[in-house]
Amino acid sequence: MERQPVFCIQKFFAAYIYAMDRIIYFYTARGQSYAEEGQFLTKPCQVYRLQQKDYLLIRAGLDRGLVKRWEAEETLLRQREEAFIERPWYQRLFQMPGEKKRRKAIEKRWRYWEAQLALVLEMFGSEGEELSLEDCCFSCEEALEHLLKPRQSQASVPGEIWSRLWRVPVFDSFRESQWVEHMMQYAGNPHFLILGYDSVLPLLIRRYACKMKSLKWILPKECYREPLQDFLEDIYEEYGLAAAVQVLEPGQTLKRAGVACREPSSILDFSGEVQIPTGQIAKGSIWLDMDAQEEKCRRMESRNLGIRYVSLKKEWKHPVLP
């Protein structure tokens, strides 16, 4: 995201600052167990702003009751679609009995969700200064993706309204250099293990080579070409860092190849794979998931392997207060 200069005056001092990246992260907050039919929530979203070192995090906790009602609307949509498909073709051409009543019910739900979701957007300006959503990107926990993210298929009543009101783009920059660099602050072990490949890695390795005691790299065969081989030779000549490279044959996954490190390591995971064996990973290792896959997080933390899992989404869900 391009940073725009902003001029501000505070306490008679002029300061020239830069507008930092702004990330909105939606999650399901504790609230009512269920919002009854027609019940209007006066505070459907809790918004908190946390100024981090290099970006502004806006955490938006959707009320659990609101989420459950939205889920019920999605279920109703699927049931209605299935019932329509099961009708004989000639019945689909004419208005069925009760159609007028059903349309009134839809209009009522439409008015309810328009007011309820409009209030969600208003909550972003209720915590002090007005927030320009044009300068933001948003992400959300996995359980909310099918509700909040744009989709091509038909949406439910709240889904259609949300897509019209919410114009904030989805955050998809997990592998951009600035965010990879941000993740590197967690790489506290001097032994490094890289899984997979990304174009940002050569620059990253050159920058951190002087801090690496060892480097092991497991990557696909199609990525290990002459330019990369020459790069690793240059790294060896400049820093004395000899990379141990393990090449994966076409179709071979990390699950089949196996992943191992004897020393506690900083593991940079660019593989995009969810099922990765961790039995031979040394305790005390730090796993940096550059794709922020929540399923991988659940798998690793449920095993209690003594490996610290880190990702941007986990940072947004459990932020460290400045």
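Residues numbered from 1 in each chain as written. Predicted model: local features only at pLDDT ≥ 70, side-chain atom pairs only at ≥ 80, totals over all residues. Heavy atoms only, no water.

Explain the packing of helix α6 (residues 201-208) against helix α7 (residues 226-239) residue by residue, including any values.
Packing of α6 against α7 brings their axes to within 11 Å, and their N-to-C directions diverge by 10°. Considering the angle they form, α6 stands roughly parallel to α7. Only F231, D234, I235, E238 and Y239 of α7 make contact with α6, whose side of the interface consists of P202, I205 and R206. When grouped by side-chain class, the residues that make up the contact of α6 with α7 number 5 nonpolar, no polar and 3 charged. (Axes fitted to C-alpha atoms, helices over the stretch in contact; angles between N-to-C directions. Helix = DSSP H or I, 4+ residues; strand = E, 2+ residues; numbered from the N terminus. Parallel < 35°, antiparallel > 145°, perpendicular 65-115°, else oblique. Contact = heavy atoms within 4.5 Å. Nonpolar A, V, L, I, M, F, W, Y, C, P; charged D, E, K, R; others polar.)

Would you mind going over the pattern of salt bridges in detail, with residue names and values included?
Where charged atoms from two side chains of opposite charge come close, those side chains can pair. If you walk through the whole model with that rule in mind, you get 18 salt bridges. A salt bridge links R298 to E142; the shortest N-O distance between them is 2.8 Å. Here R298 is found in helix α9 (residues 294-303), whereas its partner E142 is found in the loop between β6 (136-140) and α3 (145-148), with 156 residues between them in sequence. For R298, a relative accessible area of 42% corresponds to the partly exposed category. In this structure, D269 engages K296 in a salt bridge whose closest nitrogen and oxygen atoms are separated by 2.4 Å. Here K296 lies in helix α9 and D269 lies in strand β11 (residues 265-270), a separation of 27 residues in the sequence. Given a relative accessible area of 2%, K296 falls into the buried group. Three or more residues joined by partner-sharing salt bridges are found here, namely E142, E295, R298 and R299. (Salt bridge = Lys/Arg side-chain N within 4 Å of Asp/Glu carboxyl O. Buried < 20%, exposed > 50% of the residue type's maximum accessible area, 1.4 Å probe, protein only.)

Any details on the packing of aromatic side chains? Residues and values, ideally.
Counted by the stated rule, this structure contains 19 aromatic pairs. Ring geometry for F26 versus W166: centroids 5.3 Å apart, planes at 75°, classification edge-to-face. Of this pair, F26 sits in strand β3 (residues 21-29) while W166 sits in the loop between α4 (157-165) and α5 (177-183); the two residues are 140 residues apart in sequence, bridging distant segments of the chain. Judged by its relative accessible area of 6%, W166 is buried. When the centroid spacing of 4.9 Å and the interplanar angle of 90° are considered together, the rings of F171 and F174 count as edge-to-face. Here F171 falls in the buried class, since its relative accessible area comes to 5%. Following the ring pairs from residue to residue traces out a cluster consisting of F26, F40, W70, Y112, W113, F124, F138, W162 and W166. Taking the ring centre of Y27 as reference, the NZ or CZ of R59 above it sits at 4.4 Å. (Phe/Tyr/Trp six-rings, centres within 6.5 Å; stacked < 30°, edge-to-face > 60°. Lys NZ or Arg CZ within 6 Å of the ring centre and 35° of its normal.)

Give a description of the nonpolar core that names residues and reports values.
Counting 42 residues, the largest nonpolar core has I23, F171, M184, W217, L268, L288 and W316 as the members making the most contacts within it. For L288, the residues in contact, after removing those within four places along its chain, are M183, M184, Y186, A187, I267, L268, D269 and V310. Within the second largest apolar cluster, 30 residues are counted, among which are L62, W113, C136 and V168. (Core = buried A, V, L, I, M, F, W, Y, C linked by side-chain atoms within 4.5 Å.)

Any chance you could break down the sheet that holds strand β13 (residues 286-289) for me, citing the residues and the numbers?
Two strands in a sheet stick together by hydrogen bonds in their backbones, pointing the same way (parallel) or opposite ways (antiparallel). The strand order across the open sheet formed by 6 strands is β9-β8-β7-β11-β13-β14, and the pairing between neighbours is parallel. Edge positions in the sheet fall to β9 (243-248) and β14 (308-310), since each has one partner strand and no second. Strand-to-strand twist across the sheet, computed as the mean angle between neighbouring axes with direction ignored, equals 15°. Pairing geometry for strand β7 (residues 191-196) and strand β8 (residues 214-220), over 5 bridges, is parallel. Bridge pairing in β8 links L193 to K216. (Pairing = 2+ DSSP bridges.)

Break down the side chain of S285 for me, citing the residues and quoting the values.
As for its position among the elements, S285 is in the loop between β12 (280-281) and β13. Taking the relative accessible area as the measure of exposure, S285 reaches 1% and is therefore buried. A polar atom in the side chain of S285 sits 3.1 Å from the backbone nitrogen of S265. Each residue touching S285, except ones within four places of it in the same chain, is listed here: N189, C261, E263, P264, S265, I267, G306, I307 and R308. (Polar contact = N/O pair within 3.5 Å; in protein donor to acceptor, adjacent residues only side chain to side chain.)

Hey, could you go over empty space enclosed by the protein for me, with residue numbers and the actual values?
What the rule picks out here adds up to 1 cavity of 30 Å³ or more. Of the pockets and cavities examined, the largest cavity occupies roughly 50 Å³. Taken together, V274, Q275, I276, T278, W287, K296, R299, M300 and R303 make up the lining of the largest cavity. Here the lining of the largest cavity takes 4 residues from α9, the largest share from any one element. Along the lines of polarity and charge, the residues of the lining of the largest cavity split into 4 nonpolar, 2 polar and 3 charged. (1 Å grid on protein atoms, 1.4 Å probe; cavity = no way out; pocket = protein on both sides within 12 Å on 5 of 7 lines; lining within 4 Å. Points joined across faces, edges and corners; volume = space filled by probe spheres on them.)

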